[in-house]
Amino acid sequence: MAERLKASLLEEEKLVDIVVGPDAYRDLPNLIEQVEGGQKAVNVLLSREETYADINPIRLDGNGVSAFISIMRGCDNMCSFCVVPFTRGRERSRDPESIIHEANYLFQQGYREVTLLGQNVDSYKWNMNSKGEILDAAKPTLNFAGLLERVAQVSPLLRIRYSTSHPKDMTDEVLEVMARHDNICKYIHLPVQSGNSEILTKMNRGYSREWYLDRIAAIKRIMPDCAISTDVITGFCSETDAQHYDTIRLMEEVRFDFAYMFKYSERPKTLAERKFEDDIPEEIKTKRLNEIIALQQKHSLESNQRAVGKVHRVLVEGTSKRSDQHLFGRNTQNAVVVFPKEGYNKGEYVDVLVTECTAATLRGEAVK
Ligand code: SF4
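Since we're looking at a predicted model, the values are computed, not measured. (Residues numbered from 1 in each chain as written. Predicted model: local features only at pLDDT ≥ 70, side-chain atom pairs only at ≥ 80, totals over all residues. Heavy atoms only, no water.)

**Some words on the overall build of the protein chain**
Alright, step 1. Looking only at helices and strands, the protein chain has 11 helices and 17 strands in total.
Alright, step 2. Here the C-alpha coordinates of the protein chain stretch approximately 65 × 55 × 50 Å along the principal axes.
Alright, step 3. For the protein chain, contacts bridging at least 24 residues in sequence account for 69% of all contacts bridging at least 6.
Alright, step 4. When the accessible surface of the protein chain is summed, it comes to about 18400 Å², and 51% of that surface belongs to carbon and sulfur atoms.
Alright, step 5. Counting 49 positive and 55 negative side-chain charges, the protein chain places the averaged centre of each group 2 Å from the other. (Helix = DSSP H or I, 4+ residues; strand = E, 2+ residues; numbered from the N terminus. Contact = heavy atoms within 4.5 Å. Areas by Shrake-Rupley, 256 points an atom, 1.4 Å probe, with all protein chains shown as cover. Lys, Arg positive; Asp, Glu negative; His and termini not counted. Charge placed at Lys NZ, Arg CZ, Asp CG, Glu CD.)

**Describing the state of the cysteines**
Alright, step 1. Within this structure, the stated rule accounts for 0 disulfides.
Alright, step 2. The closest cysteine sulfur to the non-disulfide-bonded Cys185 is located on Cys226, 9.7 Å from its own sulfur. (Disulfide = S-S within 2.5 Å.)

**A word on the environment of Ala366**
Alright, step 1. Among the structural elements, Ala366 can be located in strand 17 (residues 361-366).
Alright, step 2. Once the C-alpha coordinates of Ala366 and Pro340 are considered, the two residues, 26 residues apart in sequence, prove to be 7.5 Å apart.
Alright, step 3. Beyond its immediate stretch of four places on either side in the chain, Ala366 contacts Phe339, Glu342, Tyr344, Val350, Asp351 and Val352.

**Considerations on the site of the ligand**
Alright, step 1. Around the ligand, a shell composed of Cys75, Asn77, Met78, Cys79, Phe81, Cys82, Val84, Pro85, Gln119, His166 and Arg205 is seen.
Alright, step 2. Taken together, the residues of the shell around the ligand sort by class into 7 nonpolar, 3 polar and 1 charged. (Near = heavy atom within 4 Å. Nonpolar A, V, L, I, M, F, W, Y, C, P; charged D, E, K, R; others polar.)

**Side note on the pattern of salt bridges**
Alright, step 1. According to the stated counting rule, one finds 22 salt bridges in the structure shown.
Alright, step 2. Its salt-bridge partner being Arg221, residue Asp172 comes within 3.3 Å of it at the nearest N-O pair. With Asp172 in helix 6 (residues 172-180) and Arg221 in helix 8 (residues 209-222), the pair connects residues that are 49 residues apart, well separated along the chain.
Alright, step 3. One continuous salt-bridge network, built from bridges that share partners, spans Asp172, Asp214, Arg215 and Arg221. (Salt bridge = Lys/Arg side-chain N within 4 Å of Asp/Glu carboxyl O.)

**Describing the domain arrangement of the protein chain**
Alright, step 1. According to the domain assignment, the protein chain consists of domain 1 (2-43), domain 2 (66-307) and domain 3 (311-366).
Alright, step 2. For domain 1 and domain 3, the distance between their C-alpha centres works out to 44 Å. (Domains from an automatic or database assignment.)

**Side note on the pairing of strand 15 (residues 336-340)**
Alright, step 1. Note that strand 14 (residues 326-330) and strand 15 share 5 bridges and pair antiparallel. Considered in strand 15, the bridge of Phe328 is made with Val338.
Alright, step 2. Between strand 14 and the antiparallel strand that follows it, strand 15, lie 5 residues; Asn334 among them carries a positive phi value of about 80°.
Alright, step 3. Bridge count for strand 15 against strand 17 is 3 bridges, and the pairing is parallel. For Val337, the partnering residue across the bridge sits in strand 17 and is Leu362. (Pairing = 2+ DSSP bridges.)

**Let's talk about unusual backbone geometry**
Alright, step 1. Following Ser163, the chain continues into Thr164 via a peptide bond in cis, with omega recorded as 10°.
Alright, step 2. Position of Thr164 relative to the elements: it lies in the loop between strand 9 (159-163) and helix 6.
Alright, step 3. One non-glycine residue with positive phi stands out, namely Asn127, at about 60°.
Alright, step 4. Within the secondary structure, Asn127 sits in the loop between strand 7 (125-126) and strand 8 (142-143).
Alright, step 5. Here the phi dihedral of Arg255 falls at roughly 55°; this positive angle occurs in a residue that is not glycine.
Alright, step 6. You can call Arg255 partly exposed: its relative accessible area is 34%. (Buried < 20%, exposed > 50% of the residue type's maximum accessible area, 1.4 Å probe, protein only.)

**Things to note about the packing of aromatic side chains**
Alright, step 1. Here the structure, examined in full by the defined rule, presents 8 aromatic pairs.
Alright, step 2. When the centroid spacing of 4.8 Å and the interplanar angle of 75° are considered together, the rings of Phe236 and Tyr264 count as edge-to-face. Here the residue Phe236 occupies a position in the loop between strand 11 (227-234) and helix 9 (241-254), and Tyr264 occupies one in the loop between strand 12 (258-263) and helix 10 (271-275), the gap between them amounting to 28 residues.
Alright, step 3. Overall, Phe236 belongs to the buried group, its relative accessible area being 0%.
Alright, step 4. By relative accessible area, Tyr264 is classed as buried at 3%.
Alright, step 5. Residues Phe339 and Tyr344 carry aromatic rings whose centres are separated by 6.2 Å and whose planes lie at 65° to one another, so their mutual orientation is edge-to-face.
Alright, step 6. The class of Phe339 is buried, set by a relative accessible area of 0%.
Alright, step 7. Between Lys202 and the ring centre of Phe276, over which it is positioned, the NZ or CZ distance is 4.7 Å. (Phe/Tyr/Trp six-rings, centres within 6.5 Å; stacked < 30°, edge-to-face > 60°. Lys NZ or Arg CZ within 6 Å of the ring centre and 35° of its normal.)

**Notes on the environment of Thr247**
Alright, step 1. You can see Thr247 is positioned in helix 9.
Alright, step 2. With 54 residues separating them in the primary sequence, Thr247 and Gln193 have C-alpha atoms 8.5 Å apart.
Alright, step 3. With residues up to four places along the chain from it excluded, the contact list for Thr247 reads Ser194, Gly195, Asn196 and Val232.

**What about the nonpolar core?**
Alright, step 1. In this structure, Leu116, Phe144, Leu148 and Ile188 are the most contacted members of the largest nonpolar core, which totals 65 residues.
Alright, step 2. By residue number, the principal contributor to this core is helix 5 (residues 144-152), which donates 6 residues.
Alright, step 3. Listed in part, the 13 residues of the second largest apolar core include Ala307, Val337, Tyr344 and Leu362. (Core = buried A, V, L, I, M, F, W, Y, C linked by side-chain atoms within 4.5 Å.)

Structure below.
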């Protein structure tokens, strides 16, 4: 937004005094000073180094139980539909010591779950360049598997999640670390985008249908109880009916527990905008989207039905929106579980026997 609209925001619309890009946090005091001196202020420069290490956010709107920790910024992948590489800049990883420090701090503040955030967490690298070559032989290196293990060791009572994985970079090493630690949640968001290899090539995703299915097989082999969710884009440039049905077949094969599903919509400045025509009519995009949503609803319901009759460890996040006599939280697979409040509180782990479900929610009773 800031890069794209800076001229119109400042000069044409005259809506704001300061336009600040995502990498200019540290410049805010100077920018405010400029405005106090009667000028407009702009800093939308993207940095190759800024990772916001040492800037610990004050969490005003959090639930006091779960928090996000940014572990890297930017993305080098250049998926053809995506604007992130142009707005967030090149990929850079945050100092692991500052990440561990933040996780420790949050745990001491009473938080019981952290989600490690990055556009592509699997390519987290410390003291290595993008090819994995060591930058400073005198200092330790760390990849995402190593970072995950270190955060998991902060406390067995601190749950760890992460987002987002990239299928081309997700290693068995990461899966094995997840399997070794009970407090790393058994849930992976692995965006597939399309089930057809030609469309994946056009999207510049860096993997094929077969590669993706191999990664799914690895997850199921190493962690049979791991939930998997995905992102799907339907109606990408030139997508045929047959290619759309490849996506449907892949969904039937994997049976995702959850999915975020979208119609393709062109973004300015992306590779797809420059190279391909957005040529799938709106009504076909809608029809395809409705098909995948209906299929996913069925799979989500089946996934929740498999959870019925079992005891799940739930981290309580708060009072249910529908009833103040009920609490809600999530199990390790990231499914929402609702149960009677009784004497339990936010931030506690409670074992809940699930007795019924919808496609979106599990319901049950605490097991004493
Ligand atoms: S879709 Fe994700 S991996 Fe691809 S360019 Fe965008 S942020 Fe990077």
